[in-house]
Every structure is written in structure tokens, then in C-alpha cells.
Amino acid sequence: MEIIQSFKENHLEVSIVGELDASSAIQMDEVMNEALEKKNFQIIIDCAGLDYISSAGLGVFVSYIEDIKSHEGNMVFYNLSDKVLNVFQILGLDQLVSIVPTQADAIQIIDG
Amino acid sequence: MANNISVICNKNELKKIRSFVNQHLKDLPFSSKEKHEIVLAVDEACANAIIHGNACDEGKSIDVVLTHDNSTLSVTVSDVGDIDFVEKRVMKKDLERLARERKKGGMGLHLIFAIMDEVRFYTRNKRSYCTLIKNLPH
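Residues numbered from 1 in each chain as written. Chains lettered and ligands numbered in written order. Predicted model: local features only at pLDDT ≥ 70, side-chain atom pairs only at ≥ 80, totals over all residues. Heavy atoms only, no water.

## Structural notes on the sheet that holds strand S2 (residues 12-20) of chain A
The pairing of strands in a sheet happens through backbone hydrogen bonds and is either parallel or antiparallel. Residue and element names in this part refer to chain A. Taken in spatial order, the 5 strands make up an open sheet running S1-S2-S3-S4-S5, and their pairing is mixed. One side of each edge strand has no neighbouring strand; the edge strands of this open sheet are strand S1 (2-7) and strand S5 (98-100). Neighbour-to-neighbour, the strand axes of this sheet turn through a mean angle of 20°, independent of strand direction. Sheet strands touched by helix H3 (residues 82-91): strand S3 (42-53), strand S4 (74-78) and S5. Its angle to S3, the strand with the most contacts, is close to 110°. (Pairing = 2+ DSSP bridges. Helix = DSSP H or I, 4+ residues; strand = E, 2+ residues; numbered from the N terminus. Axes fitted to C-alpha atoms, helices over the stretch in contact; angles between N-to-C directions. Contact = heavy atoms within 4.5 Å.)

## With respect to the layout of surface pockets
Within this model, the largest pocket holds a volume of roughly 460 Å³. Lining the largest pocket are 25 residues, and of these A:Ala56, B:Ile51, B:His52, B:Lys104 and B:Gly105 lie nearest its centre. Of all elements in the fold, only helix H1 (25-37) and helix H2 (55-70) of chain A together with helix H2 (32-53) and helix H5 (108-115) of chain B reach the threshold of two or more residues within the lining of the largest pocket. In terms of residue count, the dominant contributor to the lining of the largest pocket is H2(B) (6 residues). Taken together, the residues that form the lining of the largest pocket break down as 11 nonpolar, 7 polar and 7 charged. As a volume, the second largest pocket reaches approximately 220 Å³. What lines the second largest pocket is a set of 14 residues, and nearest its centre among them are A:Tyr52, A:Lys83, B:Asn22, B:His36 and B:Val39. Those elements that provide at least two residues to the lining of the second largest pocket are S3 of chain A together with helix H1 (14-25) and H2 of chain B. The element contributing the most residues to the lining of the second largest pocket is H1(B), with 5 residues. (1 Å grid on protein atoms, 1.4 Å probe; cavity = no way out; pocket = protein on both sides within 12 Å on 5 of 7 lines; lining within 4 Å. Points joined across faces, edges and corners; volume = space filled by probe spheres on them. Nonpolar A, V, L, I, M, F, W, Y, C, P; charged D, E, K, R; others polar.)

## Things to note about the interface of chain B and chain A
By a frequent convention, interface size equals the accessible area lost on bringing the separate parts together. Taken together, the contacts link 29 residues of chain B with 25 residues of chain A. Overall, the association of chain B and chain A removes approximately 2300 Å² of surface from exposure, summing both partners, and the carbon and sulfur fraction of that is 61%. Seen at the junction of chain B and chain A, the total is 4 salt bridges. When the shortest N-O distance is used, the salt bridge between A:Asp21 and B:Arg18 registers 2.8 Å. Applying the counting criterion to the chain B and chain A interface returns 8 residue pairs in polar contact (both at pLDDT 80 or more). Top element by residues in the side of chain B that touches chain A is H2(B). It accounts for 10 residues. (Buried area = accessible area lost by both parts, 1.4 Å probe. Salt bridge = Lys/Arg side-chain N within 4 Å of Asp/Glu carboxyl O. Polar contact = N/O pair within 3.5 Å; in protein donor to acceptor, adjacent residues only side chain to side chain.)

## Description of the pattern of salt bridges
Any two side chains of opposite charge can pair, so long as their charged atoms come close to each other. Within the structure shown, the criterion is met by 10 salt bridges over all chains. Residue A:Glu34 pairs with A:Lys38 through a salt bridge whose shortest N-O separation is 2.8 Å. The class for A:Glu34 is partly exposed, based on a relative accessible area of 38%. Taking the shortest distance from any N to any O, the salt bridge between A:Glu66 and A:Lys69 comes out at 3.9 Å. With A:Glu66 and A:Lys69 both in helix H2 and 3 residues apart, this pair spans about one turn of that helix. Here the salt bridges share partners, and the residues they tie into one network are A:Glu19, A:Asp21, B:Lys15, B:Arg18 and B:Asp43. (Buried < 20%, exposed > 50% of the residue type's maximum accessible area, 1.4 Å probe, protein only.)

These figures come from the coordinates and say nothing about function on their own.
Right, dumping it as C-alpha cells:
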């Protein structure tokens, strides 16, 4: 799995490429942990290259929801494939985070 | 028809198991969405066995056996771990609570129960078994 980070003026853009499972979740966790330590609380996540996600991958995002909320931040996912979106929906994570179709939609949420 | 794979208790082996299950499902009459969900459920069961059952001890292994007949697909994951059924039930938790508690785990069993038609846990001869059953479409 590859994680690409782009630091923009008012948000962090994270692109995930490959499979986010129990094996690679630690890599995702390190990126999220570092982002929040550096006070990046507006995060948009590009899932166009995300081929697969398991509960361990989703668990990383779930564990940062409260910290992001408490800093009035946002975690917005976009470009999800039907299969990845289905996993979010089975667990109900689509009710706790924002999921939008495009990058422009994600930025719109960040910009308020 | 039966197929099986055995892997050491290393999380990197999960990809190999997913590929094995995908290959086995190729000719079964599930939709693409259902096949993906079954692979996910097996992945979750194996991750549980590797991480919680065997603490990623590479000296141990887990076995995955797939069988099917005209009505059901059955996938059994077995390991030498000793987490019992009651503990596994407790691991099924509410997502909002996990978020409040900043927990990263605890959702795997929820996925397994949501996807499969039946889930059985049992121990035999000091080995733990988890059998996932999915009815084939009519």
C-alpha cells in the first residue's frame, strides 16, 4: 500500500493506493497520528486507488474521529469504489464520517 | 469440492488468503459484491486468528478450508489459539462507542456476522475453529 500526502493551504489531502488491511493498517495509523500531531484537523482522503479495506483499516479512521471532531475538524472521504463504500456502509461508518463523490465536493465541506 | 491453505501467523499472509478465496469463488454463482464480502469475512476471521488467537507467532499457523455443495459455501478457519466463543461475542461492539473510546479494533466480528448466513465457533482437541457459512443463491 502507498500513502501520498499533499499539504494544501487549509487542509491535508491523503491518497491511498492499494489494500488497507490488518497488515498495512499500522502504516495508515502512523500517517493519521502524525497528521493530527502536526495539527492537521482538516483531512480529505482520496480513495480512488484504494482496492480493498478491512475492519482494521476502517478502525484507524474510527479511532481519530473524536480527536478531529474535538478540534472542529473534518475527515472527508471521496472517490470510493462501490466495494469500499459497501464496507463503510455495512459497519455504519458512512453515518459517522463524510463521504462524497469528488475532490471538489470534499474541499467544499472543508471550506464550509 | 474442498480446498485448503495453511499460512504462518503473520499479517502479511492475509493477502495470500484473500487471493486463495477469490480463486475458489470464481466459479460459484455469487454476485461480484457477494464474492467481495465473503473474501472480507474470511479475511476478518483469519486476522482474528492470527492476531488475537496466536499473537502473530510465526511459529504457529492457521488453516483455511473451503467446501461447497449445491446449497452452501463453508469456510473453516482453525488455529491453536484459545479465545473462546464468549470472548469473541464480547468483541462485537457498537461503532459510535468505539469512536468515543478511540478504539481501532472490535469491528471484524460485526462484519463477519453481517455478511455470512451462519457463524459457528467451537474447539476440538485444543484447536479453535470458526466456520463461516453462506447460502448459495437459488
